[in-house]
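Architecture and fold: a report
Below are the chains, spelled out letter by letter.
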Amino acid sequence: MTKDQRKKLFVLMINMFIAVASFGIIIPILPAYLKSIGQGGTAAGLMIAIFAGAQLIMSPIAGKWADQYGRRIMIIAGLSGLALSMFVFYLSDSVGILYVSRVIGGAGAALLIPAIFAYVADITTMDQRAKGNSFISAAMSLGIVIGPGIGGFLADFGLKMPLLISAVVGVLAVIFSMFVLKESKPEDSVAENKSESMVKEIGQSFKKPYFIPLVITLVMSFGLMAYESVLGLFVDNEFGASPHDIAWMVTATGIVSVIVQLFAVDKIVRRFGEANVLKIFLGITALGFLLSIVASSYAFFFVITMIIFLSTSILRPVLTTLISKLAGQEQGFAMGMNNAYMSIGNVLGPLLAGLLYDVHIIYPFVLGLIVLLITMIGSILWKGAKKVVV
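Residues numbered from 1 in each chain as written. Predicted model: local features only at pLDDT ≥ 70, side-chain atom pairs only at ≥ 80, totals over all residues. Heavy atoms only, no water.

1. A look at the packing of helix α1 (residues 3-24) against helix α7 (residues 161-180)
Here is the rule we go by: For helices, the fitted line uses only the C-alpha atoms of the stretch in contact; every axis is such a line through C-alpha atoms, and the angle between N-to-C directions lies from 0 to 180 degrees. Numbering of helices and strands runs from the N terminus; a helix is a DSSP stretch of H or I covering at least four residues, while a strand is a stretch of E covering at least two. These descriptions rest on fixed angle ranges, namely under 35 degrees for roughly parallel, over 145 for roughly antiparallel, 65 to 115 for roughly perpendicular, and the rest for oblique. Here is the rule for handedness: rotate from the far helix to the near one, and if that takes an anticlockwise turn smaller than a right angle the crossing is left-handed, while a clockwise turn gives right-handed. A contact between two residues is defined here by any heavy atoms of the two lying within 4.5 Å. Classes in brief: Ala, Val, Leu, Ile, Met, Phe, Trp, Tyr, Cys and Pro nonpolar; Asp, Glu, Lys and Arg charged; the others, Gly included, polar.
Where α1 meets α7, the axes come as close as 10 Å, and the angle between the chain directions of the two elements is 160 degrees. Looking at the two axes, α1 sits roughly antiparallel to α7. Handedness of the α1/α7 crossing: left-handed. Counted together, V11, I14, N15, I18 and S22 of α1 and S166, V169, G170, A173, F176, S177 and V180 of α7 form the full contact between these two elements. Here the contact of α1 with α7 is composed, by residue class, of 7 nonpolar, 5 polar and no charged.

In structure tokens:
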């Protein structure tokens, strides 16, 4: 990559890190904050569902806007939405307004994420695409790891302090992007100037050459969120894991994800190709779910969790790269659909995992295994992989 490409990629990584960390920063304070306003588990669950739901509804529209109006304005608008959601959260003690802030935040994420990945597609060649996407994914993983830690530290200065700091940092990111980030959308690219409902947009995606990678994105998000949502409950129930043990597991897997995405994904893709990497690591993820069912100790389960997160940290940028390479000039729409399918998985995964966990603690892993095996077979039979040109 050239110096200019690396500079632009670095700006995008900062924006993605801030976006993801701004949501993670509230995790440590959420139980105490909800308790302080007389709310509990239902409110916590709705916060996640509302954010993901708003992101799902807005993503296809936002993707098309990124094609019509440019990547830069969508990135700035998305960062502004995330900052506004934190300010609304900070200034209110009403659970109704809290939900409104989550709608604003989900819409902001929907504007931001597809535009960032479309920007990466604009500034990289086909050969560089996997590396660029893996760097953005690494910034996301780092935000997931660092955000809660920062939130826990800032909470020592006041329960709402993480919200205020997150909002201020978001405003700074908006100003920074306005001055530093230049438009990347090619001047000769043409986008259809029409707006349709989310249902119709998703219906259109069925006919796209990148539909199978979109489905796999949904399945991966579904499986990972289902796994994460019952992870703490499972190791506590089965192995008597402490909160410290759970925190260490999540942090360690996040750090490994960042390292792999920064230094290994590009080399793996160059060696085996996106389509082969997809099949291999879907198989490894499925194996991880199978081993979860028979895990007999916390240490063994820790290793299994590391394998699952390692595999998905490779799959995420590879899937994004496959979609991007098959999308042609509709990068914004494709990345919007990628975000929408991921959001569907993010909503359904925790919901079904929670219901199944209450029936039997092993059932969420069984469901994840079955879905992943079916998806792996589908990826092997998928003929569209041959259309990917490096």
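2. Some details on the nonpolar core
Inclusion rule: The term nonpolar core refers to a set of buried residues drawn from Ala, Val, Leu, Ile, Met, Phe, Trp, Tyr and Cys, joined through side-chain atoms within 4.5 Å. Categorising residues by exposure relies on relative accessible area from a 1.4 Å probe, with only protein chains included: less than 20% of the type maximum marks a residue as buried, more than 50% marks it as exposed, and the intermediate range marks it as partly exposed. The split into domains, and so the bounds of each, comes from an automatic or database assignment of domains.
Membership of the largest hydrophobic core comes to 94 residues, with the highest contact counts inside it found for L12, M16, I75, I136, Y227 and F301. If you count residues domain by domain, this core takes at least three from each of domain 1 (1-181) and domain 2 (208-389). Setting aside residues no more than four positions away along its own chain, I136 makes contact with L9, L12, M13, M16, I116, F117 and V120.

3. Looking at a nonpolar patch on the surface
Here is the rule: By definition, no residue in a patch forms a salt bridge, and every one has over 30% relative accessible area; like charges are joined within 9 Å, nonpolar side chains (Val, Leu, Ile, Met, Phe, Trp, Tyr) within 5 Å. Here the Shrake-Rupley method, with its probe set to 1.4 Å, supplies the accessible areas, and only the displayed protein chains count as covering residues. The salt bridge criterion pairs a side-chain nitrogen of Lys or Arg with a carboxyl oxygen of Asp or Glu, the two atoms within 4 Å.
Taken together, the side chains of V168, V171, L172, I175, M178 and F179 present a nonpolar region at the surface, about 560 Å² in accessible area. Within the fold, V168 resides in helix α7.

4. With respect to the side chain of S221
Inspection of the secondary structure puts S221 in helix α9 (residues 211-239). According to the relative accessible area criterion, S221 is buried, its value standing at 6%. Residues within four places of S221 in sequence aside, it is in contact with M342, G345 and N346.

5. Observations regarding empty space enclosed by the protein
Our working rule: As defined here, a cavity is a set of points on a 1 Å grid over the protein atoms alone where a 1.4 Å probe fits but cannot get out. A pocket is an open set with protein on both sides within 12 Å along at least five of seven lines, and residues line them when an atom is within 4 Å of a point. Grid points are joined across faces, edges and corners, and a volume is the space filled by probe spheres set on the points.
In the structure shown here, the tally under the stated rule is 3 cavities of 30 Å³ or more. Computed from the structure, the largest cavity encloses a volume of approximately 100 Å³. Along the walls of the largest cavity sit 13 residues, with T217, R316, T320, N338 and M342 positioned nearest its centre. Those elements that place two or more of their residues in the lining of the largest cavity are α5 (95-123), α9, α13 (298-327) and α14 (331-359). For the lining of the largest cavity, the leading source of residues is α14, giving 4 residues. Its residues placed into classes, the lining of the largest cavity shows 7 nonpolar, 5 polar and 1 charged. Mapping the lining of the largest cavity onto the domain boundaries places at least three of its residues in each of domain 1 (1-181) and domain 2 (208-389). Taken as a whole, the second largest cavity holds about 40 Å³ of empty space. Lining the second largest cavity are I18, A19, S22, L79, L82, A83, S166 and G170. For the lining of the second largest cavity, the secondary-structure elements that each account for two or more residues are α1, α4 (71-91) and α7.

6. Focus: a positive patch on the surface
Rules: A positive count includes Lys and Arg, and a negative count includes Asp and Glu. His and the chain ends are not counted in either. The atoms used to mark charge sites are NZ of Lys, CZ of Arg, CG of Asp and CD of Glu.
There is a patch of like positive charges on the surface, built from K3, R6, K7, K131, K182 and K267. Top element by residues in the positive patch is α1. It accounts for 3 residues. Checked against the element boundaries, K131 lands in helix α6 (residues 129-154). Residue class for K131 comes out partly exposed when judged on its relative accessible area of 31%.

7. Points about the packing of aromatic side chains
Each aromatic ring pair is characterised by the separation of its centres together with the angle its planes make. Where we set the bar: Side-chain rings of Phe, Tyr and Trp (the six-membered ring for Trp) are treated as a pair once their centres are within 6.5 Å; stacked means planes under 30 degrees apart, edge-to-face means over 60, and tilted covers the remaining angles. In our convention, an over-ring charge means Lys NZ or Arg CZ found within 6 Å of a ring centre and within 35 degrees of that ring's normal.
The tally for this structure, following the rule as stated, stands at 11 aromatic pairs. Among the aromatic residues, those joined into a ring-pair cluster are Y227, F234, F239, F289, F301 and F365. The side chain of K64 reaches across the aromatic face of F333, ending 5.5 Å from its centre. Cation over ring: K160 sits above Y90, and NZ or CZ is 5.9 Å from the ring centre.

8. Considering the packing of α14 against helix α15 (residues 363-381)
To characterise two packed helices, one gives the angle between the axes of the helices and the distance between these axes. In contact at an axis separation of 7 Å, α14 and α15 are set at 130 degrees when each is read in the N-to-C sense. Taken together, the axis directions place α14 and α15 in an arrangement best described as oblique. Mapping the contact onto sequence places L352, A353, L356, Y357 and V359 in α14 and Y363, P364 and L367 in α15. Its residues assigned to classes, the contact of α14 with α15 shows 8 nonpolar, no polar and no charged.

The values reported here are purely geometric and, on their own, carry no functional implication.
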